[in-house]
Amino acid sequence: MERPRFTIDTEYTRHSITEMWRVQYRKKFIFFQIVGIVLLFFCSFVILGSLLGFFSIAFSTLLLTALFGLIGALSAFCPHYLMLFLNRRRIERHIGKRHAELYDDALLTTARNGKETRKPWVLLKNLSESREYYFLDFGSFFSILSKEDFSGQDADALHDFLYARKPPKKRHVFSQRQ
């Protein structure tokens, strides 16, 4: 069997998974933020209007409106914490050490329980990065690779290796029917 080009040990933490969501799902976070701002403003106007006496509202409804306002504020200003809360059970399965071996044709990862997963590079759907990590999205499988063990030429070689396998952006070509 061929030798891996790179071997990387990464500790999956809540921070690394949150960072992956922040980088890979920016559009979803923007959606959460917009919905949160709208909810926050609506609840603020309802609460302010009832307190100033423009309309009457039951105290329990006022408390419920305040709760929705808090959810809106959380969604608007901290969407990654909302994602952590909503996906806390799924995240717990992924937390722990992972070992990754990068071959020319595939990525081989070993989870903390010893389970190995081999994904060919042709299945790579998205590659993105932050200051600390590379994030590889294979659709139903994701991998987080730590940059901390690499510096200088090794870091450049890893970057070039991964980006050579990044899928090209899909371009929509519209053809005219005759």
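For the structure itself, look to the data block above.
Before going into details, it helps to say that this report is about the structure given with it.

About the criteria used
- Residues numbered from 1 in each chain as written.
- Predicted model: local features only at pLDDT ≥ 70, side-chain atom pairs only at ≥ 80, totals over all residues.
- Heavy atoms only, no water.
- Helix = DSSP H or I, 4+ residues; strand = E, 2+ residues; numbered from the N terminus.
- Rg over C-alpha atoms; globule rule 2.2 N^0.38 Å.
- Buried < 20%, exposed > 50% of the residue type's maximum accessible area, 1.4 Å probe, protein only.
- Polar contact = N/O pair within 3.5 Å; in protein donor to acceptor, adjacent residues only side chain to side chain.
- Patch = residues over 30% accessible without salt bridge, like charges linked within 9 Å, V, L, I, M, F, W, Y side chains within 5 Å.
- Areas by Shrake-Rupley, 256 points an atom, 1.4 Å probe, with all protein chains shown as cover.
- Salt bridge = Lys/Arg side-chain N within 4 Å of Asp/Glu carboxyl O.
- Lys, Arg positive; Asp, Glu negative; His and termini not counted.
- Charge placed at Lys NZ, Arg CZ, Asp CG, Glu CD.
- Phe/Tyr/Trp six-rings, centres within 6.5 Å; stacked < 30°, edge-to-face > 60°.
- Lys NZ or Arg CZ within 6 Å of the ring centre and 35° of its normal.
- Pairing = 2+ DSSP bridges.
- Axes fitted to C-alpha atoms, helices over the stretch in contact; angles between N-to-C directions.
- Contact = heavy atoms within 4.5 Å.

Glancing now at the overall build of the protein chain. Scanning the protein chain from terminus to terminus reveals six helices and seven strands. Moving toward the C terminus, one meets the helices and strands of the protein chain in the order β-α-α-α-α-α-β-β-β-β-β-β-α. Radius of gyration (C-alpha) of the protein chain: 23 Å, far over the 16 Å computed for a compact globule of 178 residues. C-alpha extents for the protein chain along the principal axes are approximately 75 × 55 × 30 Å. Split into buried and exposed, the 178 residues of the protein chain put 38% on the buried side.

For Glu-101, the position within the fold is in strand E2 (residues 96–102). At a separation of 2.7 Å, a polar atom in the side chain of Glu-101 contacts the side chain of Tyr-103.

The next point concerns a negative patch on the surface. On the surface, a cluster of negative charge is made up of Asp-9, Glu-132, Glu-148 and Asp-149. By the element assignment, Glu-148 lies in the loop between strand E7 (142–146) and helix H6 (153–164).

Another aspect to go through is the packing of aromatic side chains. Tallied over the entire structure, the rule returns seven aromatic pairs. With 6.1 Å between their ring centres and 25° between their planes, Tyr-12 and Phe-142 make a pair best called stacked. With Tyr-12 in strand E1 (residues 6–12) and Phe-142 in strand E7, this pair connects stretches of sequence that are 130 residues apart. With a relative accessible area of 2%, Tyr-12 lands in the buried category. Note on Trp-121 and Phe-161: the rings are 5.9 Å apart at their centroids and 80° apart in plane angle, and the pair reads as edge-to-face. Of this pair, Trp-121 sits in the loop between strand E4 (116–120) and strand E5 (126–129) while Phe-161 sits in helix H6, and the two are 40 residues apart along the sequence. On the accessibility criterion, Trp-121 (6% relative accessible area) is buried. An aromatic cluster is defined as three or more aromatic residues linked by ring pairs; in this entry it consists of Phe-6, Trp-121, Phe-138, Phe-141, Phe-150 and Phe-161. For Arg-98, the ring lying beneath its charged end belongs to Tyr-12, and the centroid distance is 4.6 Å. Positioned over the ring face of Tyr-103 is Arg-118, at 5.2 Å from the centre of the ring.

Strand order in the open sheet formed by four strands is E1-E2-E3-E4, with antiparallel pairing between adjacent strands. Each edge of the open sheet carries a strand with a single partner, namely E1 and E4. Shown here is a sheet whose adjacent strand axes are inclined to one another by a mean of 20°, direction ignored. In this structure, E2 lies alongside strand E3 (residues 106–110), joined through four bridges in antiparallel fashion. Bridge pairing in E3 places Leu-102 opposite Leu-107. Against the sheet, H6 engages E1 and E2, with an angle of about 90° to E1.

Relative to the assigned elements, Val-46 resides in helix H2 (residues 26–51). Separated by 19 residues in sequence, Val-46 and Thr-65 place their C-alpha atoms 7.6 Å apart. Residues contacting Val-46, with those up to four places away along its chain left out, are Phe-55, Ile-57 and Thr-65.

Counting through the fold element by element, Ser-146 comes out in strand E7. Taking the relative accessible area as the measure of exposure, Ser-146 reaches 8% and is therefore buried. Polar side-chain contacts of Ser-146 include one of 3.3 Å to the backbone nitrogen of Glu-148. Each residue touching Ser-146, except ones within four places of it in the same chain, is listed here: Ile-8, Asp-9, Thr-10, Glu-132 and Tyr-133.

Any functional reading would require information that these geometric values do not contain.
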